[in-house]
Amino acid sequence: MFAPLRSLFPLLLTFLCTLVSFSVRAQTPSVLADRLFSPDTDVSSQAYQTLLQTPVPEILPFLELRYDPALEPAQLIRLLEVATPICDATCLPYLATALRHDWRGVVIQACHAAQRLGRAELVPALIDLLTRHPDEEVRYAAVTALESLMTDERY
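Presented here is an overview of the structure given in this document. Counting restarts for each chain, with residues numbered from 1 along the sequence as it is written. In keeping with the model being predicted, local features are shown solely for residues with a pLDDT of at least 70 and side-chain atom pairs are shown and tallied solely at 80 or more, while totals for entire chains, interfaces and linings include all residues. Think of the side-chain values as coming from all heavy atoms in the structure, minus any hydrogens and water.

1. Observations concerning the overall build of the protein
Next up, step 1: From N to C terminus, the protein includes nine helices and zero strands.
Next up, step 2: In sequence order, the protein lays out its α and β elements as α-α-α-α-α-α-α-α-α.
Next up, step 3: For each residue, the accessible area found with a 1.4 Å probe, counting protein chains only, is set against the maximum for its type, and the residue is called buried under 20%, exposed over 50%, and partly exposed in between. Going through the 155 residues of the protein one by one, you find that 36% of them count as buried.
Next up, step 4: The long-range fraction of contacts in the protein, counting pairs at least 24 apart against all pairs at least 6 apart in sequence, stands at 62%.
Next up, step 5: All accessible areas in this document rest on Shrake-Rupley with a 1.4 Å probe, and a residue is counted as covered only by the protein chains that are shown. As displayed, the protein has an accessible area near 9,600 Å², and 60% of this comes from carbon and sulfur atoms. Going along the chain from the N terminus, every DSSP run of H or I of four or more residues is numbered as a helix, and every run of E of two or more is numbered as a strand. By definition in these notes, contact holds between two residues if any of their heavy atoms fall within 4.5 Å.

Written out as structure tokens, the structure is:
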């Protein structure tokens, strides 16, 4: 009696996996960005997890539009974590701003993003952090980012 159902199980499993994959891709970048900044913590957490697991490069312009230094530090950190794997040169202005943020967590995450992006344009802001910031952990993050950006000639 259950034998026919057992033969359908792999087909059903494939269908469910395809459905889940399609639902992630079916969400437009603007919808994902809206959900990331949703006041409902469940919705924003789900969007955050989705974007960390399945980076969507098309979301970058929508994240940049929503970048505002006045956002809550937790939202800025979340934005930087989601944007870091897909950042390009258009991220430079908001990364430079985040490197000057008042909250150390935002600055540290911006240092990690700068390290991953690897753009020499961020070197002056990182050197400024290294020489002027009072927090040792921030300075360490700046040094780590600088090490990846500096060539032997620049040392």
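2. Describing the state of the cysteines
Next up, step 1: When two cysteine sulfur atoms lie within 2.5 Å, the pair is treated as a disulfide. Following the criterion strictly, the structure yields one disulfide and no others.
Next up, step 2: Across the disulfide from C87 sits C91; the S-S distance is 2.4 Å. Residues C87 and C91 share a disulfide whose torsion about the S-S bond is about -100°; that sign makes it left-handed. Neither C87 nor C91 differs from the other in exposure class; each is buried.

3. Structural notes on the pattern of salt bridges
Pairs may arise between side chains of opposite charge once their charged atoms sit close together.
Next up, step 1: For salt bridges, the criterion is a side-chain nitrogen of Lys or Arg within 4 Å of an Asp or Glu carboxyl oxygen. Taken as a whole, this structure holds five salt bridges when the rule is applied.
Next up, step 2: Across the pair E121 and R119 runs a salt bridge whose closest N-O atoms are separated by 2.9 Å.
Next up, step 3: In this structure E121 comes out as partly exposed when scored by relative accessible area, which is 47%.
Next up, step 4: Its relative accessible area of 27% is what places R119 among the partly exposed residues.
Next up, step 5: The partner of R132 in a salt bridge is D128, with the nearest N and O atoms 2.7 Å apart. Note that R132 and D128 are positioned in helix α8 (residues 123-132) at a spacing of four residues, about one turn of the helix.

Everything listed here is a matter of geometry and, on its own, says nothing about what the molecule does.
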